[in-house]
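Chain residues, written in single-letter form:
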Amino acid sequence: MLFVIGLELSPQRLWVMRRSVFGTGLLQVLGTSAVIGTAVWWLLGFTPGAALIVGGSLALSSTAFGLQILGERKETGAAYGRQAFAILLFQDLAAIPLIAAVPFLASTGSHGFDLLGALRAVGVIVAVVAGGRYLLRPVFRFVAKADAVEVSTATALLVVMGVSLLMEATGLSVTLGAFLAGVLLADSEYRHELESNIEPFKGLLLGLFFVSVGMAMDLGLLLHQPQLIVGLVVLLLLLKGPLLWLLGRLPGGLSRSDTLRLVVLLACGGEFAFVVLRLAVEQRLIQSRAGDVLTLVISMSMALTPLLVVLAAKLLNVHPRKPAREFDTIDTDTPRVIIAGFGRVGQIIARVLRA
């Protein structure tokens, strides 16, 4: 899943949307992380490092849910849809330092500040990005000569596994390696071919990821402490909602109705939080029980998202966009060929067909 998300992070797209991505997106992640992290540290007694990771992970929203809902309702091009896309794009970027910080904070908490480990981590990431940028293109150019889909897909899988194992060998996260591999390939000329090759597996593996998250959930907590779980879900929505409202109204310049739809779409937790929290539990940065509670809270907030979107649409009397009129029906036998585009090449084709 992280490889696929990284593959969709095109540097050209980031540059085109830089004002929204690095403006509104940055403010959302920093503001929400600070508010939630402070609340966790002050109210629940978490260590500063654990509060930083929990605040950062809960600040993220669901890219899979958000983009799917926007696509189904045909609102990706709407004002609030573009703003939501920009925020989600920056959240995906923000997950990189968040995942990388978990092992570092865990080692710092037990052995003090590890300057050598921090420099090693930064050096490995820089080496992977720089080396991958100059080595991957010749490799894929060589693979493309084979003209075999299986070889291309296998090479991409080898890149993902290799970068992930390199990250694990240097004490970093394998998930960070998969994400970086996707980002490296996103800037290559073979990106679209790779996307089409792995498209059949994308939905299946994304579903498998959420199935694994569901299997890891402790539903006994919901049965034994429903007030705690429901209260935390409501608290999460109340903390993120007002901040998203301010961002939508002020920097985003959205109307009240569009801002409300932005809030209900992004107030939930996200799938990256599952990865970050699981890694934090493995590194003993947070306790296993706290991780179970937070995983359950994020899952319930994500389950509420489609319902909140429908309720907001009904409240605003907004319906999914449909074509302004019915499509034209071509009920004639001629022409049997439609030429889409009648430039120089189109005219040559027309003359050949007419002859």
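Residues numbered from 1 in each chain as written. Predicted model: local features only at pLDDT ≥ 70, side-chain atom pairs only at ≥ 80, totals over all residues. Heavy atoms only, no water.

## Here we look at the overall build of the chain
Right, on to step 1. A count of helical and extended segments in the chain gives 16 helices and zero strands.
Right, on to step 2. Looking at the chain residue by residue over its 355 residues, the buried ones come to 43%.
Right, on to step 3. In the chain, of all internal contacts separated by at least 6 residues, the share reaching a separation of at least 24 is 78%.
Right, on to step 4. Per element, the accessible surface of the chain, about 19800 Å² overall, is 67% carbon and sulfur.
Right, on to step 5. Of the charged side chains in the chain, 28 are positive and 22 negative; the average position of the first set lies 8 Å away from that of the second. (Helix = DSSP H or I, 4+ residues; strand = E, 2+ residues; numbered from the N terminus. Buried < 20%, exposed > 50% of the residue type's maximum accessible area, 1.4 Å probe, protein only. Contact = heavy atoms within 4.5 Å. Areas by Shrake-Rupley, 256 points an atom, 1.4 Å probe, with all protein chains shown as cover. Lys, Arg positive; Asp, Glu negative; His and termini not counted. Charge placed at Lys NZ, Arg CZ, Asp CG, Glu CD.)

## Describing empty space enclosed by the protein
Right, on to step 1. Counted under the stated rule, the structure contains one cavity of 30 Å³ or more.
Right, on to step 2. When its volume is computed, the largest cavity comes out at roughly 70 Å³.
Right, on to step 3. What lines the largest cavity is simply Ile69, Arg73, Glu75, Tyr80, Arg261, Val264, Leu265, Val309, Ala312 and Ala313.
Right, on to step 4. Of all the secondary structure elements, the ones that give two or more residues to the lining of the largest cavity are helix 13 (256-266) and helix 15 (288-315).
Right, on to step 5. Broken down by class, the residue content of the lining of the largest cavity amounts to seven nonpolar, no polar and three charged. (1 Å grid on protein atoms, 1.4 Å probe; cavity = no way out; pocket = protein on both sides within 12 Å on 5 of 7 lines; lining within 4 Å. Points joined across faces, edges and corners; volume = space filled by probe spheres on them. Nonpolar A, V, L, I, M, F, W, Y, C, P; charged D, E, K, R; others polar.)

## Some points on unusual backbone geometry
Right, on to step 1. One non-glycine residue, Lys74, lies in positive phi territory at about 55°.
Right, on to step 2. Within the secondary structure layout, Lys74 lies in the loop between helix 5 (63-72) and helix 6 (79-111).
Right, on to step 3. Residues other than glycine seldom take positive phi values, yet Arg284 does so here, at roughly 60°.
Right, on to step 4. Since its relative accessible area comes to 77%, Arg284 is described here as exposed.

## Quick word on the pattern of salt bridges
Right, on to step 1. By the definition in use, this model includes three salt bridges.
Right, on to step 2. The residue Arg73 makes a salt bridge to Glu75 at a minimum N-O spacing of 3.7 Å. In this pair, the class of Arg73 matches that of Glu75, namely buried.
Right, on to step 3. The salt bridge involving Asp258 is made with Arg261; its shortest N-O contact spans 2.5 Å. One end of the pair is Asp258 and the other is Arg261, both in helix 13 and three residues apart, which spans about a single turn. (Salt bridge = Lys/Arg side-chain N within 4 Å of Asp/Glu carboxyl O.)

## Looking at the layout of surface pockets
Right, on to step 1. Estimated volume of the largest pocket: approximately 1100 Å³.
Right, on to step 2. In this structure, the largest pocket is lined by 37 residues; those nearest its centre are Met1, Leu2, Phe3, Val4 and Leu205.
Right, on to step 3. In terms of residue count, helix 10 (residues 191-216) provides more of the lining of the largest pocket than any other element does, nine residues in total.
Right, on to step 4. Grouping the amino acids of the lining of the largest pocket by side-chain chemistry returns 23 nonpolar, nine polar and five charged.
Right, on to step 5. Along the wall of the second largest pocket there are 19 residues; nearest its centre are Val40, Leu44, Leu232, Val293 and Leu294.
Right, on to step 6. Sorting the residues of the lining of the second largest pocket by element identifies helix 3 (18-43), helix 4 (48-59), helix 12 (226-249) and helix 15 as the ones contributing at least two each.
Right, on to step 7. The class makeup of the residues in the lining of the second largest pocket is 17 nonpolar, one polar and one charged.

## Some points on the nonpolar core
Within soluble globular proteins, side chains that are nonpolar generally end up buried alongside one another.
Right, on to step 1. By size, the foremost hydrophobic cluster in this structure holds 76 residues, and its most contacted members are Phe46, Ile53, Val54 and Phe140.
Right, on to step 2. Listed in part, the 17 residues of the second largest apolar core include Ile69, Leu70, Ala78 and Ala84. (Core = buried A, V, L, I, M, F, W, Y, C linked by side-chain atoms within 4.5 Å.)

## So, the environment of Phe104
Right, on to step 1. Along the chain, Phe104 falls in helix 6.
Right, on to step 2. Phe104 sits 17 residues away from Ala121 along the chain, and the two C-alpha atoms are 8.6 Å apart.

## Things to note about the side chain of Thr305
Right, on to step 1. Its place among the elements puts Thr305 in helix 15.
Right, on to step 2. Judged by its relative accessible area of 1%, Thr305 falls in the buried class.
Right, on to step 3. From its side chain, Thr305 meets the backbone oxygen of Ser301 in a polar contact 3.1 Å long. (Polar contact = N/O pair within 3.5 Å; in protein donor to acceptor, adjacent residues only side chain to side chain.)

## Some points on helix 9 (residues 174-186)
Right, on to step 1. Here helix 9 is 13 residues long and its end C-alpha atoms lie 19 Å apart, about the 18 Å a rise of 1.5 Å per residue gives.
Right, on to step 2. By the criterion of burial, helix 9 is predominantly enclosed, with ten of the 13 residues buried.
Right, on to step 3. Residues of helix 9 that are buried: Leu176, Gly177, Ala178, Phe179, Leu180, Ala181, Gly182, Leu184, Leu185 and Ala186. (Expected span 1.5 Å × (residues − 1).)

## Digging into the packing of helix 12 against helix 13
Right, on to step 1. At their nearest, the axes of helix 12 and helix 13 sit 9 Å apart, and the two run at 140° to each other. With respect to helix 13, the axis of helix 12 lies oblique. The element helix 12 and its partner helix 13 pack so that their crossing is right-handed. Across the interface between the two elements, Lys240, Gly241, Leu244, Trp245, Gly248 and Arg249 of helix 12 pack against Arg256, Thr259, Leu260, Leu262, Val263 and Leu266 of helix 13. (Axes fitted to C-alpha atoms, helices over the stretch in contact; angles between N-to-C directions. Parallel < 35°, antiparallel > 145°, perpendicular 65-115°, else oblique. Left-handed = near helix turned anticlockwise from the far one by under 90°.)

Don't take any of this as a statement about function, it's just geometry.
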